[in-house]
Amino acid sequence: MAEILQQGNLYHLRNDHISYIMAVMPENVLAHIYFGGRLHQINADAVLRHTGAGDTKSFTVQECGLDRLPQEYPAFGLGDQREGALGIENADGSVAVDLRYVRAEIKNGKPPLAGLPATFGDDCKTLRVLLADPCTRVQAELLYTVFDDCDVIARSARIVNGGTRDIQLEKVMSLSLDLPDDRWEMITLNGSWARERSVNRRALMPGFQGAATQCGASSHQQSPFMALARRGTTEQQGEALGVSLIYSGNFVAKAAVYQNRSVRIAAGINDADFSWKLCPGEAFQTPEAVLVYSQSGLNGMSQEFHALWERHLLPHKWVYAHRPVLFNSWEAAYFDFDEDKLVDIARSAAEAGVELFVMDDGWFGHRDDDTTSLGDWFVNRKKLPGGLERLADRVRALGLQFGIWMEPEMVSPDSELYRSHPEWAIHIPGRAPITSRHQLILDMSREDVQDYVYRVVSDTLKACKASYIKWDMNRNFSNIGSAWLGAERQKELPHRYILGLYAVMGRLTAEFPDILFEGCAGGGGRFDPGMLYYVPQFWCSDNTDALCRCQIQYGTSLFLPPSAMRSHQIAVPNHQTGRVTPIESRFAVALGGCFGYELDPRKLTDDERGAMKNQVKYARESEDTRLHGTFYRLLSPFEGNDTAWMAVSGDQSEAVFTFVRGHALANEVPALVCLQGLDPEKVYTVRETGESYGGDELMRSGLLCPVDGGDAASLLYTLHVSGA
Ligand code: GLA
């Protein structure tokens, strides 16, 4: 049960497993005291004496006392030499901010954040703390939410200009957290297009480290996630602290080691090239950041993230709903299709039991390659003479639902839209626009652009009575400028863009609650908790190679759940790597997320088509356990040749286990993999082999994983409690 206790000058937020404690100090400074495993109580003075900042009676701001004090929301300029959470250029040009505690209140539940996606729920408690600068009257409202059912503290800040003159926000973090020691290692997820979210782990060192983006999206290269793990922490045991941001734009998540080996971590909108003018009476709301604490290793941390997003962030209608096994036309046909070809492909897919057919890129304007027509969301009559309506009807007549691809935030220079509205593209007047994938980005900070995007998507969905939309976004920012915003507000554009995007996504998902929205950004280039508030699933990567996907999905699972990852079985040789992998392995890996196909089914052999029917049946039967069971990473493809993961149903009666050996090795002994999360008292039977084992045996002695064949051989085992 979540509770917030006020004990003298302390506020103590806790649930059954974690505690978060702050103290109101002399001179009304708000100090951070503790975040970690649940405590009954704490001797705050002892904690503070360790820092050298004085205790709850002797602390003073004089003599730069703030420089050693762990704080809740530090600011620069009054003696704390570390990096502040809030940076302001005051009306007089000075940069000092002096936040003092004014009052706090405790509420049941969780208030929404204006204009931003955020966690929600009734089974939680929220502490609202008001700080204010007595000199400039700037206020900071800090929200802290503790949940009954997740070991998470959600935090955000709202800055109000309570003064009489304009100020300029230069930095406004969602959270700042001071930790007393640096005996941690940092884990971040880094990569590039087609190589998203590789796991990188290194010791925390003096100075700054972390992840940040400036490309307008959460990006392929970085993820709004960071973990600190104790040196000995493994997947299965040890202490880990995870940070994530519910945001899809430029972000920073970083840690710095300061004097006395203390650590300050921060997460929020990237302050590089950010600035926001705040007029008197106006407020600025930060995105929400979350802190996860686990004493059961990185798996424990990830399970808390997964549970938080599924229970308190993803669209509730969709989270636990059946995700149709889909068939996507992209790698089957690319731009080269007409109505009959698509219907032929859809017919073969329907025969295998697929439930949803998705027409990908290439159906609009005069688009036959990626150089043209984005923005012209009217059907290409040469390819689809009967319009979207007739194609969708023919697909539905085969017993399939119909889904469609759009890239609504973009415009091609070769488009009617650009010719009539060049000012709608992000650009700097007087400089030549810079294209990427031959396209420009619409300025989503503009209300007229938001209305246009809303209207074309809404009209398209209605025209084809779509059951699904894949919302793509295929390039990052450059030449960042808005013809709409004044000179003094140009640095607001990246955040205003994301606010505009969220507004449109909010309108559309409210208008079409029965349509499944899937996110995509050149694969997983904007796969973050911010988007997951609107879309319950995201195309994990454009790389569909089974071995590459082992790494990508393994890394992604550090903070995002299998139910959010879209994953397809594809043809070989793989279109990205040229590698040939066995069909069983492509299937097993694709089952690590929402399952579908992206190949030309007409080119399959009879055997492969037969296998497809069984695959669809298995994918549906195992869906609940695979997508919503407790997920465990077992063997890391970043540390060795093998990958293993498993998901265990909530009642521990079923588990799906996946093992993939990378390269075939000569004279190799089979791997012995210790499973996790089973009932040690029960006996489990492996459906595929008929062999039975004790749950304790599988977890302590291990499961032998003999694989035959060449590279990328795999095992997919379904375990059931015997007799159940
Ligand atoms: C992006 C997506 C792909 C596909 C293409 C279409 O790259 O990630 O899945 O939709 O665009 O152009």
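A quick note: this is a predicted structure, and the numbers were derived from the prediction, not measured.

Calculation notes
- Residues numbered from 1 in each chain as written.
- Predicted model: local features only at pLDDT ≥ 70, side-chain atom pairs only at ≥ 80, totals over all residues.
- Heavy atoms only, no water.
- Helix = DSSP H or I, 4+ residues; strand = E, 2+ residues; numbered from the N terminus.
- Rg over C-alpha atoms; globule rule 2.2 N^0.38 Å.
- Buried < 20%, exposed > 50% of the residue type's maximum accessible area, 1.4 Å probe, protein only.
- Areas by Shrake-Rupley, 256 points an atom, 1.4 Å probe, with all protein chains shown as cover.
- Pairing = 2+ DSSP bridges.
- Axes fitted to C-alpha atoms, helices over the stretch in contact; angles between N-to-C directions.
- Parallel < 35°, antiparallel > 145°, perpendicular 65-115°, else oblique.
- Left-handed = near helix turned anticlockwise from the far one by under 90°.
- Contact = heavy atoms within 4.5 Å.
- Nonpolar A, V, L, I, M, F, W, Y, C, P; charged D, E, K, R; others polar.
- Near = heavy atom within 4 Å.
- Polar contact = N/O pair within 3.5 Å; in protein donor to acceptor, adjacent residues only side chain to side chain.
- Domains from an automatic or database assignment.
- Buried area = accessible area lost by both parts, 1.4 Å probe.
- Salt bridge = Lys/Arg side-chain N within 4 Å of Asp/Glu carboxyl O.

### Section: the overall build of the protein chain
Inference 1: Check the secondary structure of the protein chain and you find 15 helices and 38 strands.
Inference 2: Rg of the C-alpha trace for the protein chain: 26 Å, near the compact-globule value of 27 Å for 724 residues, within the 12% margin.
Inference 3: Considering only C-alpha atoms, the protein chain reaches an extent of 80 × 70 × 45 Å along its principal axes.
Inference 4: Out of the 724 residues in the protein chain, the part that is buried amounts to 63%.
Inference 5: Total accessible area on the protein chain stands at roughly 25,600 Å², and carbon and sulfur atoms take up 49% of it.

### Some remarks on the sheet that holds strand β32 (residues 642–648)
Inference 1: Read from one edge to the other, the open sheet built from six strands follows the order β31-β32-β33-β38-β35-β36, with strand pairing classed as antiparallel. On the outer flanks of this sheet lie β31 (630–635) and β36 (692–694), each paired with one strand and no other. Across the sheet, the mean angle from the axis of one strand to that of its neighbour is 25°, orientation sign disregarded.
Inference 2: Note that strand β35 (residues 683–686) and strand β38 (residues 714–721) share three bridges and pair antiparallel. Bridging across to β38, threonine 685 finds its partner in histidine 720.

### A word on the packing of helix α8 (residues 447–463) against helix α9 (residues 493–511)
Inference 1: Where α8 meets α9, the closest approach of the two axes is 10 Å, and the angle between their N-to-C directions is 30°. Looking at the two axes, α8 sits roughly parallel to α9. Taken as a pair, α8 and α9 cross one another with a handedness that is right-handed. The segment α8 lies against α9, with Gln450, Asp451, Val453, Tyr454, Val457, Ser458 and Lys462 engaging Gly500, Ala503, Val504, Arg507, Leu508 and Glu511.
Inference 2: By residue class, the composition of the contact of α8 with α9 is six nonpolar, three polar and four charged.

### As for the site of the ligand
Inference 1: In the vicinity of the ligand lie 13 residues, with Asp360, Asp361, Arg437, Lys470 and Asp542 positioned nearest.
Inference 2: In the environment of the ligand, an oxygen atom lies 2.9 Å from a nitrogen or oxygen atom belonging to the side chain of arginine 437.
Inference 3: Coverage of the ligand by the protein amounts to 96% of the 310 Å² it exposes when considered alone.
Inference 4: Partitioning the shell around the ligand into residue classes produces four nonpolar, three polar and six charged.

### Details of the domain arrangement of the protein chain
Inference 1: You can read the domains of the protein chain as domain 1 (3–298), domain 2 (317–539) and domain 3 (632–721).
Inference 2: Centre-to-centre separation of domain 1 and domain 3, based on C-alpha positions: 39 Å.
Inference 3: Contact with domain 1, which involves six residues of that partner, is made by four residues of domain 3.
Inference 4: Carbon and sulfur atoms make up 44% of the area that domain 1 and domain 3 hide from each other, which totals about 470 Å².
Inference 5: A per-residue breakdown of the area domain 1 buries against domain 3 is headed by Val199, Glu235 and Gln236, which together make up 81% of the total.
Inference 6: Between arginine 633 and glutamate 235 there is a salt bridge; the shortest N-O distance is 2.9 Å.
Inference 7: For the pair domain 1 and domain 3, the interface holds three residue pairs in polar contact (both at pLDDT 80 or more).
Inference 8: Of the residues assigned to the side of domain 1 that touches domain 3, the class counts are two nonpolar, two polar and two charged.

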